[in-house]
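Remarks on the overall topology
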Amino acid sequence: MGSEAPRLPVLNFSTGTLKPGTRSWLLACKDVLHALEEYGCFVAVYDKVSSELDNTTFCQLEELFDLPTETKVKNTSDKPYFGYIGQHPLIPLHESMGIEDATTLKGVESFTNIMWPAGNDHFCETVLSYSKLVSELEQMVKKMVFESYDAEKYYDSHIQSTTYLLRLIKYRGPQKNETCIGTSCHTDKSFITVLHQNEVCGLEIRTKDGEWISFKPSPSSYVVMAGDALLAWSNGRIHSPEHRVIMNGNKARYSIGLFAYHRGIIEIPEELADEEHPLQFKPFNHYGLLHFYFTNKAGQAESTAKAYCGV
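Since the model is a prediction, treat every value here as computed from it, not as a measurement. (Residues numbered from 1 in each chain as written. Predicted model: local features only at pLDDT ≥ 70, side-chain atom pairs only at ≥ 80, totals over all residues. Heavy atoms only, no water.)

1. Thoughts on the overall build of the protein
If you tally the helices and strands in the protein, you get 10 helices and 14 strands. Here the protein has a C-alpha radius of gyration of 19 Å; the compact-globule value for 311 residues is 19 Å, and the two agree. Structurally, the protein occupies a C-alpha span of about 55 × 45 × 40 Å along its principal axes. The proportion of buried residues among the 311 residues of the protein is 52%. Once local pairs closer than 6 in sequence are excluded, the contacts in the protein between residues at least 24 apart make up 77%. As displayed, the protein has an accessible area near 14900 Å², and 49% of this comes from carbon and sulfur atoms. Between the mean site of the 29 positive side-chain charges and the mean site of the 39 negative ones, the protein shows a separation of 3 Å. (Helix = DSSP H or I, 4+ residues; strand = E, 2+ residues; numbered from the N terminus. Rg over C-alpha atoms; globule rule 2.2 N^0.38 Å. Buried < 20%, exposed > 50% of the residue type's maximum accessible area, 1.4 Å probe, protein only. Contact = heavy atoms within 4.5 Å. Areas by Shrake-Rupley, 256 points an atom, 1.4 Å probe, with all protein chains shown as cover. Lys, Arg positive; Asp, Glu negative; His and termini not counted. Charge placed at Lys NZ, Arg CZ, Asp CG, Glu CD.)

Structure follows, in structure tokens:
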């Protein structure tokens, strides 16, 4: 018999017993760290986002992407990949928008008022509720990582400097003789990304040995993925995986990504550098890493983080 196809680790965050210091928390910390070091990601089963909120959020996405293109292009930002992207010749199936500071009322209202000048309270309330609940998952995972590396003393200040980008994404099905690539192979530049999607498959993650793992979504499943900033912060211990979206069929795929970024300088904890793990990265500006990625020099590098802030 042939070997079984690799699968992403699936970890349960819905038990309600994951409280710091408990046995279940300590076991979960080990599982999270192993998954991030070996795969760079895992599937979190998470039920804080109710099925009603989940359904409503995706309905709001459909309404958003049905807006005229001249409205959607008003979603602009001075940060690369934070504003509207659409009709790109290399990824014609992809269309997306970004909400900066998505866990704050000010951030979501700012985006909403651009899309709907007369206001859209339902969209605003839905997206804000979703962003806050998913950010709780991101912060829980981050706390587990910091504790596992004996770096928990840095956690509070790290959270205080965290800001969230909510990326709302639509992939249409390919037409005849059209590419099936929804998003080309890349690594995220975030610290941690939490991805959630509707029932349409498409996400693929590349393992360290080059195999592609597909992901079958469910309403309670969230892909938690390490970005290049976490790779650098962990002194290379955590893997930042390449991933892509491949579209089949004609049904639209809607996806939501919550990307954690950090204001100011990210320091590599001294606890993560020793004889076995020599220091690989210098302190770096997270948004500087993002801007660097979009330069020609970064495009030629095997690792954006090493090219930007490697020792």
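Once you've had a look at it, read on.
2. So, the nonpolar core
The tendency in soluble globular proteins is for nonpolar side chains to be buried as a group. Formed by 70 residues in total, the largest nonpolar core has its most connected members in Phe 13, Phe 42, Leu 64 and Trp 233. Among the elements that take part in this core, helix 5 (residues 121-148) stands out by supplying 12 residues, more than any other. Excluding residues that lie within four positions of it along the chain, Phe 42 makes contacts with Pro 9, Leu 11, Phe 13, Val 32, Ala 35, Leu 36, Val 141, Tyr 222, Val 223 and Val 224. Formed by 10 residues, the second largest nonpolar core is a distinct cluster that contains Val 43, Leu 203, Phe 215 and Met 225. (Core = buried A, V, L, I, M, F, W, Y, C linked by side-chain atoms within 4.5 Å.)

3. Regarding the pairing of strand 11 (residues 243-246)
Across 3 bridges, the pairing between strand 6 (residues 181-186) and strand 11 is antiparallel. Note on strand 11: the bridge partner recorded for Thr 183 is Val 245. With 3 bridges connecting them, strand 8 (residues 203-206) and strand 11 associate as antiparallel partners. Within the sheet, the bridge partner assigned to Ile 205 lies in strand 11 and is His 243. (Pairing = 2+ DSSP bridges.)

4. With respect to the sheet that holds strand 11
With antiparallel pairing, the 4 strands of this open sheet are ordered in space as 6-11-8-9. Two strands in the sheet have a free side with no partner beyond their single neighbour: strand 6 and strand 9 (212-214). Going from strand to strand, the sheet's axes swing by 25° on average, the running direction of each strand aside. (Axes fitted to C-alpha atoms, helices over the stretch in contact; angles between N-to-C directions.)

5. Structural notes on the sheet that holds strand 3 (residues 85-88)
Sheet architecture is open: 8 strands sit in the order 1-2-10-7-12-5-4-3, paired in mixed fashion. Across the chains shown, the open sheet's two edge strands, defined by having one partner strand only, are strand 1 (10-12) and strand 3. Averaged over all pairs of adjacent strands, the angle between their axes in this sheet comes to 25°, without regard to strand direction. Where strand 7 (residues 192-197) lies against strand 12 (residues 253-262), 5 bridges are found, and the strand directions are antiparallel.

6. Focus: the environment of Tyr 46
Position of Tyr 46 among the secondary structure elements: in the loop between strand 2 (41-45) and helix 2 (51-65). Residues Tyr 46 and Leu 137, 91 residues apart in the sequence, show an inter-C-alpha distance of 7.9 Å. Look past the residues within four positions of Tyr 46 in its chain and what remains in contact with it is Phe 13, Ser 14, Leu 133, Glu 136, Leu 137, Ser 220 and Tyr 222. Polar side-chain contacts of Tyr 46 include one of 2.7 Å to the backbone oxygen of Leu 133. (Polar contact = N/O pair within 3.5 Å; in protein donor to acceptor, adjacent residues only side chain to side chain.)

7. Section: helix 1 (residues 23-38)
Its 16 residues place the ends of helix 1 23 Å apart at the C-alpha level, agreeing with the 22 Å of an ideal helix rising 1.5 Å per residue. Along helix 1, the residues that are buried comprise Trp 25, Ala 28, Cys 29, Val 32, Leu 33, Ala 35 and Leu 36. For helix 1, the angular spread of buried residues about the axis comes to 165°, placing them on one side. Turned more than 90 degrees from where helix 1 packs its buried face, Arg 23 and Lys 30 sit exposed. Buried positions along helix 1 lie against strand 1, strand 2, helix 5 and strand 10 (221-226). Looking one or two places after helix 1, you find Gly 40, whose phi comes out positive at around 80°. (Expected span 1.5 Å × (residues − 1). Arc of directions from axis to C-beta.)

8. With respect to the side chain of Thr 162
Structurally, Thr 162 is set in strand 5 (residues 162-171). With relative accessibility at 11%, the residue Thr 162 sits in the buried group. A distance of 2.9 Å separates the side chain of Thr 162 from the backbone oxygen of His 158, its partner in a polar contact. In contact with Thr 162, other than residues within four places in its own chain, are Lys 142, Ala 260, Tyr 261, His 262 and Arg 263.

9. Observations regarding helix 4 (residues 105-115)
Listing the buried residues of helix 4 in full gives Gly 107, Val 108, Phe 111, Thr 112 and Met 115. Down the axis of helix 4, the smallest arc covering the buried residues is 125°, so these residues share one side. Elements that come into contact with the buried residues of helix 4 comprise helix 2, helix 3 (69-72), strand 4 (91-100) and helix 5.

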